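This is what each chain is made of:
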Amino acid sequence: MRIILLGAPGAGKGTQCKNIVAGYRLQHLSSGDILRRNRSAGTDLGKKAQSYMDAGDLVPDRIIIDMMSEAIREAPLAGFVLDGFPRTVNQARELDESLAGDGAIDAVVNLKIDDSIVQARMTGRRSCPKCGAVYHIENLKPKTKGVCDHDGAELVQRPDDTPEVVANRLETYHRQTEPLVDYYKKNGTVFDIEADRDPDEVKACIFEKLQTLVKL
Ligand code: AMP
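Throughout what follows, the structure given in this document is the object of discussion. (Residues numbered from 1 in each chain as written. Predicted model: local features only at pLDDT ≥ 70, side-chain atom pairs only at ≥ 80, totals over all residues. Heavy atoms only, no water.)

Moving on to the sheet that holds strand β7 (residues 190-194). Reading across from one edge, β2-β3-β1-β4-β7 is the order of the 5 strands in this open sheet, with parallel pairing throughout. The open sheet has two free edges, formed respectively by β2 (27-30) and β7, since each of these has just one partner strand. Neighbouring strand axes in the sheet, compared pairwise and without regard to direction, differ in orientation by 20° on average. Examined bridge by bridge, strand β4 (residues 107-112) and β7 share 5 bridges and lie parallel to one another. Following the sheet pairing, Asn110 is matched in β7 by Asp192. (Pairing = 2+ DSSP bridges. Helix = DSSP H or I, 4+ residues; strand = E, 2+ residues; numbered from the N terminus. Axes fitted to C-alpha atoms, helices over the stretch in contact; angles between N-to-C directions.)

In structure tokens:
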């Protein structure tokens, strides 16, 4: 099964990807995670992507398409979930071409959420620079304010979670990524899912839709 997970930043794509991957034994291919790993490792790709990511802008299509084509080539035949890719119509067209004759995308899961909720979710997020644990200043507080429960490290805000950058990421999403919903509605199956709910409810709704796909 080959799935694309679409949705604004902060819609819960990461969490729901983990659920789908575990439930259907698929490979999770997250463009954001691959970019962050490259940044941590100090690769050329990571260095090229850095300034775009910190500003909340998209990394140029060519860089992303080459990076994700390689990840897809290495993915198991059983299938994968694409998370954060494609993000532009150009990336979607190239993906279609690269998959032609090799089994297309089975479905697009589209997580729908209001901008105001995304703003609150993302700007309140804090993470541990040491172990990667994620907290929220309102909904998922650490035991001691500003300090990681696991290792006592001081929690930080990701540079791309500041209010200005979140606003830019949302604007970029509406302008460049949202048109993909119509692109895929013309060419295939799109499951619209209301994402402003308890993550378990969102998961149940996604699984109900995915069960309707024949090729499991
Ligand atoms: P994410 O974790 O998916 O929100 O991605 C973090 C950042 O990585 C984005 O704000 C972009 O700067 C960059 N990025 C991730 N995926 C893509 C993509 N498909 N196209 C362009 N830039 C991307």
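Having seen the model, we can carry on.
As a further point, take the pattern of salt bridges. Inspection of the entire model under this criterion finds 10 salt bridges. With a shortest N-O distance of 2.9 Å, Arg175 and Glu171 are connected by a salt bridge. Here Glu171 and Arg175 lie together in helix α7 (residues 163-177), a separation of 4 residues that amounts to about one turn. Assessed through its relative accessible area of 38%, Glu171 is described here as partly exposed. (Salt bridge = Lys/Arg side-chain N within 4 Å of Asp/Glu carboxyl O. Buried < 20%, exposed > 50% of the residue type's maximum accessible area, 1.4 Å probe, protein only.)

Next up on the list: the packing of aromatic side chains. By the definition in use, this model includes 2 aromatic pairs. Measuring from ring centre to ring centre gives 5.2 Å for Tyr24 and Phe207, while their planes differ by 50°; the resulting arrangement is tilted. Pair noted here: Tyr24 is in helix α1 (residues 13-24) and Phe207 is in helix α9 (residues 199-210), with a separation of 183 residues, a long-range link. Looking at Tyr24, the relative accessible area reads 15%, which means it is buried. Overall, Phe207 belongs to the buried group, its relative accessible area being 19%. (Phe/Tyr/Trp six-rings, centres within 6.5 Å; stacked < 30°, edge-to-face > 60°.)

Let's shift gears to the packing of α1 against α9. At a minimum axis distance of 10 Å, the contact between α1 and α9 shows a crossing angle of 45°. One way to sum up the angle between α1 and α9 is to call them oblique. By crossing handedness, the relation of α1 to α9 is classed as right-handed. Between α1 and α9, the contacting residues are Gln16, Asn19, Ile20, Gly23 and Tyr24 on the first element and Pro199, Val202, Lys203, Ile206, Phe207 and Leu210 on the second. Among the residues making up the contact of α1 with α9, the classes are represented as 7 nonpolar, 3 polar and 1 charged. (Parallel < 35°, antiparallel > 145°, perpendicular 65-115°, else oblique. Left-handed = near helix turned anticlockwise from the far one by under 90°. Contact = heavy atoms within 4.5 Å. Nonpolar A, V, L, I, M, F, W, Y, C, P; charged D, E, K, R; others polar.)

As a further point, take the packing of helix α4 (residues 61-73) against helix α5 (residues 89-99). If you want to describe how two helices pack, look at the angle between their axes and the distance between the axes. At a minimum axis separation of 10 Å, α4 and α5 run at an interaxial angle of 30°. Regarding α4 and α5, the two cross each other, and that crossing is right-handed. Here α4 contributes Asp61, Arg62, Ile64, Ile65 and Ile72 to the contact with α5, which in turn contributes Asn90, Gln91, Glu94, Leu95 and Leu99.

This next bit is on the site of the ligand. Close to the ligand lie 14 residues, the nearest being Ser31, Arg36, Asp57, Gly84 and Arg169. Between an oxygen atom of the ligand and a main-chain N or O atom of Asp57, the distance comes to 2.6 Å. Here an oxygen atom of the ligand sits 3.0 Å away from a polar atom, N or O, in the side chain of Arg87. Burial of the ligand by the protein amounts to 95% of the accessible area it has alone, namely 480 Å². The element contributing the most residues to the shell around the ligand is helix α2 (residues 31-41), with 4 residues. Classifying every residue of the shell around the ligand by side-chain character gives 6 nonpolar, 4 polar and 4 charged. (Near = heavy atom within 4 Å. Polar contact = N/O pair within 3.5 Å; in protein donor to acceptor, adjacent residues only side chain to side chain. Areas by Shrake-Rupley, 256 points an atom, 1.4 Å probe, with all protein chains shown as cover.)

Our next topic: α7. Across its 15 residues, α7 extends 20 Å between first and last C-alpha, which sits within 8% of the 21 Å expected from 1.5 Å per residue. If you check which residues of α7 are buried, you get Val165, Val166, Arg169, Leu170, Thr172, Tyr173 and Thr177. Seen end-on, α7 carries its buried residues on one side only, within an arc spanning 160°. Looking at the buried side of α7, the elements it contacts are β1 (2-7), α3 (44-55), β4, α6 (115-123) and α8 (179-187). (Expected span 1.5 Å × (residues − 1). Arc of directions from axis to C-beta.)

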